[in-house]
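Chain and residue survey
Spelled out, the chains give:
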Amino acid sequence: MKPVFETTGTCLNIKLPQELDHPASELIRRESDRIMGKIYIRTICFDFGDTEFMDSSGVGLIMGRYRALGMRSGCMKACHVSGYIEKLLRLSGVSRFLEVEKTEPETQMEGRSV
Amino acid sequence: MENSNEATIIFDSRPENEGLARVTAAAFCTQLNPTLEEVADLKTAVSEAVTNCIIHGYKGEIHKIRMKCRLKENTIYLDIEDDGVGIPDIAKAMEPLYTTRADQDRSGMGFTFMEAFMDEVKVTSQVGKGTCVHMSKKIGK
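Structural notes, computed from the coordinates. Just so you know, these numbers come straight off a predicted model, no measurement behind them.

**Points about the overall build of chain A**
Within chain A, the secondary structure is distributed over 3 helices and 8 strands. Counting contacts in chain A only where the partners sit at least 6 residues apart, residues at least 24 apart contribute 70% of the total. Counting every atom, chain A has about 5,300 Å² of accessible surface; 51% of that belongs to carbon and sulfur.

In structure tokens:
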């Protein structure tokens, strides 16, 4: 399953794949770099709804996107986070700057494809 | 020997094989009737070790990685080995957030995750010869 990228205003929504490992993270890093070079992005929202597996490559992806957005507070969000993913986010310390939401906000339901 | 079982797979250091390695370890471990969380922990640890072989050990070149899985009583033992560049300072490499590849969005959390999810993690390495990560986890504590 491929990741899906959508933008709503200056927010980039990334629907993460089932397995967020090294090859998947590489692909998302490249694609989000491409989008961020084309459109002004202020916030990134990661949707973990379909994600069953993650390792430190996924953590590196989140850290790298945070750096790319200038490490501003509130620039990184995560939704539909399961217990296991939450454990990894907490353990790695990224939950300090990643706002974790249990449900996806309404505004992010209608996005346009990029 | 009774109550023991062993399997070894040798595969190319391609990122696509990370999935193969973790699914193999998880499937092998099912004989111990693990919980879903134990399987997830094991898969993450294997993924970290294999990613290290690919990115750091072989620096993206294609060579062989060996993964030996062994069950004894209710413990799974894993040895994940490469013949790559080796690690000059193992203690430093295992520090949380330490990475030599921050440019590639690497988190430096690989060994930290292995240590968090397995009962024991030991690293043996020789510069220029290769690295072996030995891990074990007791299932059904």
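**Regarding the layout of surface pockets**
Taken as a whole, the largest pocket holds about 580 Å³ of empty space. Around the largest pocket, the lining comprises 30 residues; the ones closest to its centre are B:His56, B:Ile87, B:Ala93, B:Thr100 and B:Phe111. Those elements that place two or more of their residues in the lining of the largest pocket are helix H2 (36–57), helix H3 (90–93), helix H4 (110–117) and strand E5 (130–138) of chain B. Take the lining of the largest pocket: its biggest share by element is 8 residues, from H2(B). Classifying every residue of the lining of the largest pocket by side-chain character gives 11 nonpolar, 12 polar and 7 charged. Looking at the second largest pocket, its volume works out to about 230 Å³. If you go around the second largest pocket, the residues you meet are A:Glu19, A:Thr51, A:Glu52, A:Phe53, A:Ser82, A:Tyr84, B:Leu36, B:Glu37, B:Val39, B:Ala40 and B:Lys43. At 5 residues, the largest contribution of residues to the lining of the second largest pocket is made by H2(B). Across the lining of the second largest pocket, the residue classes break down as 5 nonpolar, 2 polar and 4 charged.

**Let's talk about unusual backbone geometry**
Residues and elements named next belong to chain B. If you check the backbone angles, lysine 59 has positive phi at about 50 degrees while not being a glycine. Tracing the chain through its elements places lysine 59 in the loop between H2 and strand E2 (64–72). Positioned with a positive phi, aspartate 105 is a non-glycine residue whose angle comes to about 60 degrees. Topologically, aspartate 105 is positioned in the loop between H3 and H4. The buried category is assigned to aspartate 105, whose relative accessible area is 9%.

**Quick word on the pattern of salt bridges**
One pass over the structure, following the stated rule, counts 18 salt bridges over all chains. Of the charged contacts in the structure, one is a salt bridge between B:Lys64 and B:Asp12, with a shortest N-O distance of 2.6 Å. Separated by 52 residues along the polypeptide, B:Lys64 in strand E2 and B:Asp12 in strand E1 (residues 4–12) bring together distant segments of the chain. On the basis of relative accessible area, B:Asp12 is assigned to the partly exposed category, the value being 23%. Here the salt bridges do not stand alone but share partners, grouping A:Asp33, A:Arg65, A:Arg67 and B:Asp105 into one network.

**Details of the sheet that holds strand E4 (residues 120–126) of chain B**
Residues and elements named next belong to chain B. Taken together, the 5 strands give an open sheet; going across it, the order is E1-E2-E3-E5-E4, and neighbouring strands pair in antiparallel fashion. The open sheet is flanked by E1 and E4, the only strands paired with a single partner. For this sheet, the mean inter-axis angle between neighbouring strands, taken without regard to orientation, is 10 degrees. Here E4 pairs with E5 via 7 bridges, running antiparallel. For glutamine 126, the partnering residue across the bridge sits in E5 and is glycine 130. Its contacts with the sheet put helix H1 (residues 17–29) on E1, E2 and strand E3 (75–82), and the angle it makes with E1 is roughly 175 degrees. Its contacts with the sheet put H2 on E1, E2, E3 and E5, and the angle it makes with E3 is roughly 10 degrees.

Scoring rules and cut-offs
- Residues numbered from 1 in each chain as written.
- Chains lettered and ligands numbered in written order.
- Predicted model: local features only at pLDDT ≥ 70, side-chain atom pairs only at ≥ 80, totals over all residues.
- Heavy atoms only, no water.
- Helix = DSSP H or I, 4+ residues; strand = E, 2+ residues; numbered from the N terminus.
- Contact = heavy atoms within 4.5 Å.
- Areas by Shrake-Rupley, 256 points an atom, 1.4 Å probe, with all protein chains shown as cover.
- 1 Å grid on protein atoms, 1.4 Å probe; cavity = no way out; pocket = protein on both sides within 12 Å on 5 of 7 lines; lining within 4 Å.
- Points joined across faces, edges and corners; volume = space filled by probe spheres on them.
- Nonpolar A, V, L, I, M, F, W, Y, C, P; charged D, E, K, R; others polar.
- Buried < 20%, exposed > 50% of the residue type's maximum accessible area, 1.4 Å probe, protein only.
- Salt bridge = Lys/Arg side-chain N within 4 Å of Asp/Glu carboxyl O.
- Pairing = 2+ DSSP bridges.
- Axes fitted to C-alpha atoms, helices over the stretch in contact; angles between N-to-C directions.

Purely spatial values, then, with no claim about function.
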